[in-house]
Amino acid sequence: MNIPLILAHGSLGSWDELIFLGVAVIFLVMMGISWIKSRTNNPTIEAPADPTAADQNAPDHFRLD
């Protein structure tokens, strides 16, 4: 059975296709796991800082009235 080379064409012949498809499958699985983990993660929302307070750690910032 002669499979035409479509995705990759290197010196390995049809093995290039399998390697390319294997890498693509691994990438898609890793992206799917990352997406599922990010969907189940609860983000922490910090309270907004007081915009009128001066930043004591940054002397170049000062309060605008």
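Residues numbered from 1 in each chain as written. Predicted model: local features only at pLDDT ≥ 70, side-chain atom pairs only at ≥ 80, totals over all residues. Heavy atoms only, no water.

**Q** Looking at this structure, how should I read the overall build of the protein chain?
**A** A tally of helices and strands in the protein chain yields 1 helix and 0 strands. By the burial criterion, 6% of the 65 residues in the protein chain qualify as buried. For the protein chain, the exposed surface amounts to about 6,500 Å²; the carbon and sulfur share of it is 65%. (Helix = DSSP H or I, 4+ residues; strand = E, 2+ residues; numbered from the N terminus. Buried < 20%, exposed > 50% of the residue type's maximum accessible area, 1.4 Å probe, protein only. Areas by Shrake-Rupley, 256 points an atom, 1.4 Å probe, with all protein chains shown as cover.)

**Q** Could you clarify how one ought to interpret the environment of S38 in this entry?
**A** As for its placement among the helices and strands, S38 is situated in helix α1 (residues 14–40). There is a polar contact of 2.8 Å between the side chain of S38 and the backbone oxygen of W35. (Polar contact = N/O pair within 3.5 Å; in protein donor to acceptor, adjacent residues only side chain to side chain.)

**Q** I'm lost on a nonpolar patch on the surface in this one. Help?
**A** Judged by side-chain polarity, L12, W15, L18, I19 and V23 come together as a nonpolar surface patch covering roughly 550 Å² of accessible area. Within the secondary structure, W15 is located in helix α1. On the basis of relative accessibility, which here comes to 57%, the residue W15 falls in the exposed class. (Patch = residues over 30% accessible without salt bridge, like charges linked within 9 Å, V, L, I, M, F, W, Y side chains within 5 Å. Salt bridge = Lys/Arg side-chain N within 4 Å of Asp/Glu carboxyl O.)

Interpretation in functional terms is not warranted from these geometric data alone.
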